[in-house]
Amino acid sequence: MKKRIRTLHRAVIQVDIPPSCLASTAHHNKNSPNGTCVRSRPSAACAKFSVSSMLNKGFTATKIIGKRCFQWWDNLNTSWKFAIGFSVLFPPLWNYNERRKAREKQVYYNKSIKDYVFFDIAIENKYVGRVLIGLYSDQVPLSVENFIQLAEGYKVKDKYIGYRNTFIHKIYPGIGLVGGNVLNDKEGLSIYGKKFPDENFDMEFVQDGDVALFNEGPHSNSSQFIITFSPMPILHKHNVVIGTVLKGMDIIRMIENVGTKLGNPMYNVKIINCGLYKSLEQDGPPFFNMMHISDKGNKNIISKKEFENLSEQQRQSLMEDIGKSEKRR
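Definitions and cut-offs
- Numbers given to residues run from 1 along each chain, matching the order in which its sequence is written.
- Selection of residues for local features in this predicted model requires a pLDDT of at least 70, selection of side-chain atom pairs for listing and counting requires 80 or more, and totals for whole chains, interfaces and linings are taken over all residues.
- As a rule here, side-chain values cover all heavy atoms of the structure and leave hydrogens and water aside.
- We count a stretch as a helix when DSSP gives it H or I for four or more residues in a row; a strand needs E for two or more, and each element gets its number in order from the N terminus.
- The accessible surface values rely on the Shrake-Rupley method and a 1.4 Å probe; as for residues, cover is taken only from the protein chains in view.
- Between any two strands, at least two bridges found by DSSP are needed for them to pair.
- Note on patches: the residues involved have over 30% relative accessible area and no salt bridge, like charges join within 9 Å, and the nonpolar side chains Val, Leu, Ile, Met, Phe, Trp and Tyr join within 5 Å.
- What counts as a salt bridge is simple: a side-chain nitrogen of Lys or Arg found within 4 Å of a carboxyl oxygen of Asp or Glu.
- Throughout, the protein atoms alone are placed on a 1 Å grid, and a set of points is a cavity if a 1.4 Å probe fits but cannot get out or a pocket if it is open with protein on both sides within 12 Å along at least five of seven lines; lining residues have an atom within 4 Å of a point.
- Grid points are joined across faces, edges and corners, and a volume is the space filled by probe spheres set on the points.
- In this classification, the charged set is Asp, Glu, Lys and Arg, the nonpolar set is Ala, Val, Leu, Ile, Met, Phe, Trp, Tyr, Cys and Pro, and all remaining amino acids, among them Gly, are polar.
- By this rule, a helix spans an expected 1.5 Å times one less than how many residues it contains.
- Two axes define the bend at a residue: one fitted to the seven residues ending there, one fitted to the seven starting there, and the bend is the angle between them.
- Confidence scores per residue from the predictor, reported as pLDDT, run from 0 to 100.
- Only heavy atoms matter for contacts: two residues are in contact if any of them lie within 4.5 Å across the pair.
- Any pair of nitrogen or oxygen atoms within 3.5 Å is treated as a polar contact; in protein, a donor-acceptor pairing is required on top of that, and neighbouring residues in sequence qualify only through side-chain atoms on both sides.
- We call a set of buried residues a nonpolar core when its members are Ala, Val, Leu, Ile, Met, Phe, Trp, Tyr or Cys and they connect through side-chain atoms within 4.5 Å of each other.
- Each residue is placed in one exposure class: buried if its accessible area under a 1.4 Å probe, protein chains only, is under 20% of its type's maximum, exposed if it is over 50%, and partly exposed if it falls in between.
- Centre distance within 6.5 Å is the pairing criterion for rings of Phe, Tyr and Trp, where only the six-membered ring of Trp is used; planes under 30 degrees apart are then read as stacked, over 60 as edge-to-face, and the remainder as tilted.

Novice: Mind laying out the overall build of the protein, listing which residues take part and the relevant values?
Specialist: The number of helices and strands found in the protein is ten helices and 13 strands. For the protein, the accessible surface area stands at approximately 20500 Å², while carbon and sulfur atoms represent 57% of it.

Novice: Requested: an account of the sheet that holds strand E11 (residues 225-228), with residues and values cited.
Specialist: Where strands meet in a sheet, backbone hydrogen bonds hold them as pairs that are either parallel or antiparallel. Strands sit in the order E7-E13-E3-E4-E12-E10-E11-E9-E8 across an open sheet of nine strands; the sheet is antiparallel. On the outer flanks of this sheet lie strand E7 (166-167) and strand E8 (170-172), each paired with one strand and no other. Pairing analysis gives nine bridges linking strand E3 (residues 115-123) to strand E4 (residues 126-135), with the strands arranged antiparallel. Opposite Val117, over in E4, you have Ile133 as the bridge partner.

Novice: Lay out a nonpolar patch on the surface with the relevant residues and their values.
Specialist: On the surface, Phe82, Phe86, Phe90 and Trp94 cluster together to form a nonpolar patch covering roughly 490 Å² of accessible area. Looking at where Trp94 falls in the secondary structure, it is placed in helix H5 (residues 78-111).

Novice: Describe empty space enclosed by the protein, listing the residues and the values that go with them.
Specialist: Enumeration according to the criterion identifies two cavities of 30 Å³ or more in this entry. Computed from the structure, the largest cavity encloses a volume of approximately 40 Å³. Split by residue class, the lining of the largest cavity holds eight nonpolar, no polar and no charged.

Novice: I'd like to hear about H5, residue by residue, with values.
Specialist: End to end, H5 covers 48 Å across 34 residues, agreeing with the expected 50 Å (1.5 Å per residue, within 8%). Along H5, the sharpest change in direction is near 35 degrees and occurs at Phe90; proline Pro91 comes one to four residues later.

Novice: Could you give me a rundown of the confidence of the model for the protein, with the residues and numbers involved?
Specialist: Chain-level statistics for the protein give a pLDDT mean of 75 and a share of 64% at 70 or above. Note on residues 1-16: pLDDT is under 50 here. Beyond four places in sequence and across chains, it has 14 contacts. Across residues 35-40 the pLDDT falls below 50, and counting only partners more than four positions away or on other chains, this stretch makes 14 contacts in the model.

Novice: Tell me about the environment of Thr244, and name the residues and values.
Specialist: Note that Thr244 resides in strand E12 (residues 241-247). For the pair Thr244 and Gln207, spaced 37 residues apart in the sequence, the C-alpha separation amounts to 8.2 Å. In terms of polar contacts, Thr244 uses its side chain to reach the backbone carbonyl oxygen of Gly209, at 3.4 Å.

Novice: Explain the nonpolar core residue by residue, including any values.
Specialist: With 46 residues, the main nonpolar core has Phe119, Ile133, Phe147, Tyr163, Leu177, Phe225 and Ile242 as its most contacted residues. Those elements that place two or more of their residues in this core are E3, E4, helix H6 (141-152), strand E10 (210-213), E11, E12, helix H7 (249-257) and strand E13 (269-276). Looking at this core element by element, the count peaks at five residues for H6. If near-sequence neighbours (up to four positions away) are discounted, Phe225 is found in contact with Phe119, Phe147, Tyr163, Ile168, Leu177, Val178, Gly179, Gly180, Ala212, Leu213, Phe214 and Ile271.

Novice: Describe the packing of aromatic side chains, with residues and values.
Specialist: Here a ring pair, both rings aromatic, is described through the centre-centre distance and the interplanar angle of the planes. Overall, the coordinates contain ten aromatic pairs when judged by the stated rule. Relative to Phe147, the ring of Phe119 has its centre 5.9 Å away and its plane inclined at 50 degrees; by these criteria the two rings are tilted. Of this pair, Phe119 sits in strand E3 while Phe147 sits in helix H6, placing them 28 residues apart in sequence. Given the relative accessible area of 3%, Phe119 is considered buried. Overall, Phe147 belongs to the buried group, its relative accessible area being 0%.

Novice: Could you give an account of unusual backbone geometry, naming the residues involved and the relevant values?
Specialist: Look at Glu124: it is not a glycine, yet its phi comes out positive at around 55 degrees. Mapped onto the fold, Glu124 is located in the loop between E3 and E4. Residue Lys237 is not a glycine yet carries a positive backbone phi of 70 degrees. Along the polypeptide, Lys237 turns up in the loop between E11 and E12. Here Lys237 falls in the exposed class, since its relative accessible area comes to 58%.

Novice: If you had to explain the side chain of Ser223 to someone new, which residues and values would you point to?
Specialist: Considering the arrangement of structural elements, one finds Ser223 in the loop between E10 and E11. A distance of 3.2 Å separates a polar atom in the side chain of Ser223 from the backbone nitrogen of Leu189. Among residues more than four places away in sequence, those in contact with Ser223 are Asn146, Leu150, Tyr163, Gly179, Gly180, Val182, Gly188, Leu189 and Ser190.

Novice: For the pairing of E4, give the residues involved together with the corresponding values.
Specialist: Counting buried positions along E4 gives seven out of ten residues, so the element sits mostly inside the fold. Connecting E3 to the next strand, E4, in antiparallel fashion are two residues, including Glu124 with a positive phi near 55 degrees. When E4 meets E12, the two strands line up antiparallel, connected through four bridges. Counted as the bridge partner of Gly134 is Thr244 from E12.

Novice: Requested: an account of the pattern of salt bridges, with residues and values cited.
Specialist: Here the structure, examined in full by the defined rule, presents four salt bridges. A salt bridge links Glu104 to Arg100, with the nearest nitrogen and oxygen atoms 2.9 Å apart. With Glu104 and Arg100 both in helix H5, this residue pair falls four residues apart, about one helical turn. Here Glu104 falls in the partly exposed class, since its relative accessible area comes to 46%. When its relative accessible area of 30% is taken as the criterion, Arg100 is described as partly exposed. Residues Asp208 and Arg253 are paired through a salt bridge, measuring 2.7 Å at the closest nitrogen-oxygen approach. In this pair, Asp208 sits in the loop between strand E9 (176-179) and E10 while Arg253 sits in helix H7, placing the two residues 45 residues apart along the sequence. The class for Asp208 is partly exposed, based on a relative accessible area of 30%. Judged by its relative accessible area of 28%, Arg253 falls in the partly exposed class. Linked by salt bridges that have partners in common, Asp208, Arg253 and Glu256 make up one network.

Here it is, written out as structure tokens:
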């Protein structure tokens, strides 16, 4: 076998050049000293002949090698050939199709958004930014209404409950966060009572920042919610998806960075302000409408100009005072 390969290798390298071409490559130069024989370049025709000969022999060798190397393929029956071809082509085609369907779902879901809720987030009493959430009001109206009412502040007897001044109490990096514990217990409270059933599972987890209701089993939804850090299709038909984060995903990533494997945050993450987002003019920049949730007036605690004139320490002190006043009320 080795002898055949060496012979084949020599056949590829060796090229037969006509004698006329060899003769034309050397001539007697009379002007040279001592009348020496000087070798010159071969003619263009000879060079062309040499290249074509090498190519022909190379193609022949490749054909022989390919025939020997892939002889096993010719010996396979049709079913085996089909199985091998399917195993090679199916994974990339399936992956492409799944990505295409995910993109189509994202477009459809974004068009389904009707209402908006904002969260102003602070980490260790330091304001980090605003998160804007779009809600699927037509697909899951009851669940969305519960979320909006708690963001605005829902009156129970003579008190108001809601997401304002509540903590993100569980953060699992790579999975998601859990918040909305309006009663500081393990269960929470909805506007429909202690628990309310799963509305439907029409909307799926298709992207980072999906917002869903947290539960401890079927038909056990309350005020608590989930915001995912990555697509979580495994949660489909377990948690009702009500919306997705439209702006402020960088804030969600900051929250993810303070999480732990057990879910206990390294720092306190707090929703210091929230509500139904109408427009920038009505809602104002963060902190400029930090009124109590029972206050239906339009007065702000501090104007934008006054806030900008405060030092960083004064701003942090103001945030703490606002939080204390909210708790007293």
